[in-house]
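Architecture and fold: a report
Here's the letter readout for the chains.
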Amino acid sequence: MARTDAIVLGAGIVGTSAALHLAKRGLAVTLVDRRGPGEETSYGNAGVIEGNTLFPHAFPSGFGELLRIALKQAPEANYHLSFLPKVAPWLLAYRSNTRLEGSLAFAEAMRPLFSRAVSEHEALMAEAGAARYLRKDGWIKLYRSDEAFEATTRERELAVALGLNQRALSVDETRVLESSLMPVFRHAVHWPDAASVSNPLAVTKAYAARFAALGGVVLNGDAQTLHRSEGHWRVETDEGPVDAREVVVALGPWAPDLLGRLGIDLPLMFKRGYHRHFAPRGNAGLTRPVVDVANGYCLAPMEQGIRLTTGAEFAARDAAPTPVQFDRLLPAARDLFPLGEQLEAQPWMGSRPCFADSRPVIGRAPGQPGLWLDYGHAHWGLTLGPASGRLIAEMVTGAVPFCDPAPYSAERFNG
Ligand SMILES: Cc1cc2nc3c(=O)[nH]c(=O)nc-3n(C[C@H](O)[C@H](O)[C@H](O)COP(=O)(O)OP(=O)(O)OC[C@H]3O[C@@H](n4cnc5c(N)ncnc54)[C@H](O)[C@@H]3O)c2cc1C
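Note that the structure is a prediction, hence the values are computed from the model and not measured.

Examining the environment of Gly221
Among the structural elements, Gly221 can be located in the loop between strand E10 (217-220) and strand E11 (227-229). Its relative accessible area of 11% is what places Gly221 among the buried residues. With 17 residues separating them along the chain, Gly221 and Asp238 place their C-alpha atoms 5.7 Å apart. The residues contacting Gly221, other than those within four sequence positions of it, are Val32, Asp33, Arg34, Glu236 and Thr237.

Shown next, in the form of structure tokens:
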């Protein structure tokens, strides 16, 4: 039986960053996953480090938009009918949280994390030898209608008030930045302070390698085996049981499987998403991710090709993939950018772990001494992994946290 100061369960970008931050503070740490680091949700994202984010993803407000989703014609969202009764209460809470008041509350609560997102990645990348994956040229959101662009006014005003850079672009100005985009949109906004990575999997693996270089131990094991044993937490791994006083649960969409068993039932939902890689046609290319807001997809240049990621699908996490959104959005995507050959036979699917207020849970697990939570990062797990990792490590080690962790507490779901 091995003894260590802390066990981190889950080696996605969130858990790996937490483990690395704990190791940097001198703790003996074991990082446990049933797969290799970064191989689940943290593999397939669009690679955007959204330091610019202010508001949560909007809930569709117009009747036409809702009707298209209900009729399963919307490219930006899909759902499984059988899942609707389960997701309906969560969707109502989500809708309330994404109205203006809720959006402003989200912006205030999350700014300390988002504002450090890029710099925390840069610091880890520098020590992990991963800086070559980082592009610091922002991302671009494209709007196909004047109304959709005008709907961004409040958020852009807030950005100005907070000193965040953003630039509204004409079609021609956008095409100076990204010459392969066709003029099928009417407006664009460039957020230059965001960053992106060309290979999210490689970034997580580089952080895991840095963790190991600092003496951290990466083991295969089943987080579900976690239990209390002689005053410690114990988890079973391929190398035998490992004990520790502190455990950080960073299991992303799988966190409820373990926490439910420990009597911790927090209202996590899943927004499933897919990606496919395409070769660009001819000498077309992208230098940074672009989002076609009306159709809910992102085109992100990756080492593997142009990665097209879809918007949300509301379905049980483990239900069979139904990648119908590609059929709905591909005509629009091909009009926007010369997508060539599709590079894999099957799309990749992952589940964004989301609370209805779009905030993660970072902090103590209620009623379980020594258990810590770091999950539910929704659309921003890549973005927030390192900043969350610093915060949880500061909390676990009793240091002064760099920001007030109260907005991320699990206690917010009480009452
Ligand atoms: C299509 C799509 C696009 C996205 N684009 C972006 C983006 O551009 N920018 C951004 O910031 N975020 C983006 N996201 C969100 C981001 O990918 C997630 O928030 C993030 O990956 C979550 O990281 P995680 O470490 O919490 O979870 P994961 O990466 O899923 O890690 C959880 C780990 O737990 C392990 N695990 C589960 N069960 C067990 C068990 N029983 N025993 C042991 N190990 C277990 C898994 O193997 C996994 O490695 C996107 C998501 C999707 C789906």
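Let's talk about the packing of aromatic side chains
Here the structure, examined in full by the defined rule, presents eleven aromatic pairs. Plain terms: the ring middles of Phe59 and Tyr94 are 6.5 Å apart, the flat faces sit at 55 degrees to each other, and that makes the pair tilted. Taken together, the residues Phe59 in the loop between strand E3 (48-49) and helix H3 (63-70) and Tyr94 in helix H4 (residues 84-97) connect sequence positions 35 residues apart. Judged by its relative accessible area of 4%, Tyr94 falls in the buried class. Among the aromatic residues, ring-to-ring pairing joins Phe59, Trp90, Tyr94 and Phe314 into one connected group. The side chain of Arg276 reaches across the aromatic face of Phe326, ending 4.3 Å from its centre. The ring of Phe355 carries the charged tip of Arg412 above its face, separated from the ring centre by 5.6 Å.

A closer look at the site of the ligand
In the region of the ligand, 33 residues are neighbours, and Asp33, Thr41, Ser42, Val48 and Thr383 sit closest. Take Ala46: an N or O atom from its main chain is 3.0 Å from a nitrogen atom of the ligand. Residue Asp222 places a side-chain N or O atom 2.9 Å away from a nitrogen atom belonging to the ligand. Its free accessible area being 1000 Å², the ligand has 98% of it covered by the protein chains.

Side note on the pattern of salt bridges
By the definition in use, this model includes 22 salt bridges. The residue Arg317 makes a salt bridge to Asp257 at a minimum N-O spacing of 2.9 Å. With a gap of 60 residues between them, Arg317 in the loop between strand E18 (312-314) and helix H12 (325-336) and Asp257 in helix H11 (residues 255-261) connect regions that are remote in the sequence. Residue classification places Asp257 among the partly exposed residues on the basis of a relative accessible area of 34%. By sharing partners, the salt bridges in this structure join Arg25, Arg116, Glu120, Arg390 and Glu394 into a single network.

What about the packing of helix H6 (residues 117-128) against helix H10 (residues 200-213)?
Taken N-terminus to C-terminus, the directions of H6 and H10 make an angle of 65 degrees; their axes are 9 Å apart at the nearest point. Relative to H10, the crossing made by H6 is left-handed. Between H6 and H10, the residues in contact are His121, Leu124, Met125, Glu127 and Ala128 and Val203, Ala206, Tyr207 and Arg210, respectively. Per-class residue counts for the contact of H6 with H10 are six nonpolar, one polar and two charged.

Some words on the layout of surface pockets
In this model, the second largest pocket occupies a volume close to 300 Å³. In this structure, the second largest pocket is lined by 20 residues; those nearest its centre are Trp90, Leu266, Pro267, Leu268 and Met269. Elements with a contribution of two residues or more to the lining of the second largest pocket: H4, H11 and strand E14 (269-280). Per-element tally for the lining of the second largest pocket: the top contributor is H4, with four residues. The residue makeup of the lining of the second largest pocket, split by class, is 16 nonpolar, one polar and three charged.

Section: a nonpolar patch on the surface
Residues Phe63, Leu67 and Leu71 make up a contiguous nonpolar surface patch of roughly 330 Å² in combined accessible area. Inspection of the secondary structure assignment puts Phe63 in helix H3.

So, unusual backbone geometry
For Lys72, which is not glycine, the phi dihedral falls at a positive 60 degrees. Mapping Lys72 onto the fold places it in the loop between H3 and strand E4 (77-79). Judged by its relative accessible area of 33%, Lys72 falls in the partly exposed class. The residue Glu230 is not glycine, and still its phi comes out positive at about 50 degrees. Assignment of secondary structure puts Glu230 in the loop between E11 and strand E12 (232-237). The exposure class assigned to Glu230 is exposed, which follows from its relative accessible area of 69%.

Each value, and the rule that gives it
Residues numbered from 1 in each chain as written. Predicted model: local features only at pLDDT ≥ 70, side-chain atom pairs only at ≥ 80, totals over all residues. Heavy atoms only, no water. Helix = DSSP H or I, 4+ residues; strand = E, 2+ residues; numbered from the N terminus. Buried < 20%, exposed > 50% of the residue type's maximum accessible area, 1.4 Å probe, protein only. Contact = heavy atoms within 4.5 Å. Phe/Tyr/Trp six-rings, centres within 6.5 Å; stacked < 30°, edge-to-face > 60°. Lys NZ or Arg CZ within 6 Å of the ring centre and 35° of its normal. Near = heavy atom within 4 Å. Polar contact = N/O pair within 3.5 Å; in protein donor to acceptor, adjacent residues only side chain to side chain. Areas by Shrake-Rupley, 256 points an atom, 1.4 Å probe, with all protein chains shown as cover. Salt bridge = Lys/Arg side-chain N within 4 Å of Asp/Glu carboxyl O. Axes fitted to C-alpha atoms, helices over the stretch in contact; angles between N-to-C directions. Left-handed = near helix turned anticlockwise from the far one by under 90°. Nonpolar A, V, L, I, M, F, W, Y, C, P; charged D, E, K, R; others polar. 1 Å grid on protein atoms, 1.4 Å probe; cavity = no way out; pocket = protein on both sides within 12 Å on 5 of 7 lines; lining within 4 Å. Points joined across faces, edges and corners; volume = space filled by probe spheres on them. Patch = residues over 30% accessible without salt bridge, like charges linked within 9 Å, V, L, I, M, F, W, Y side chains within 5 Å.

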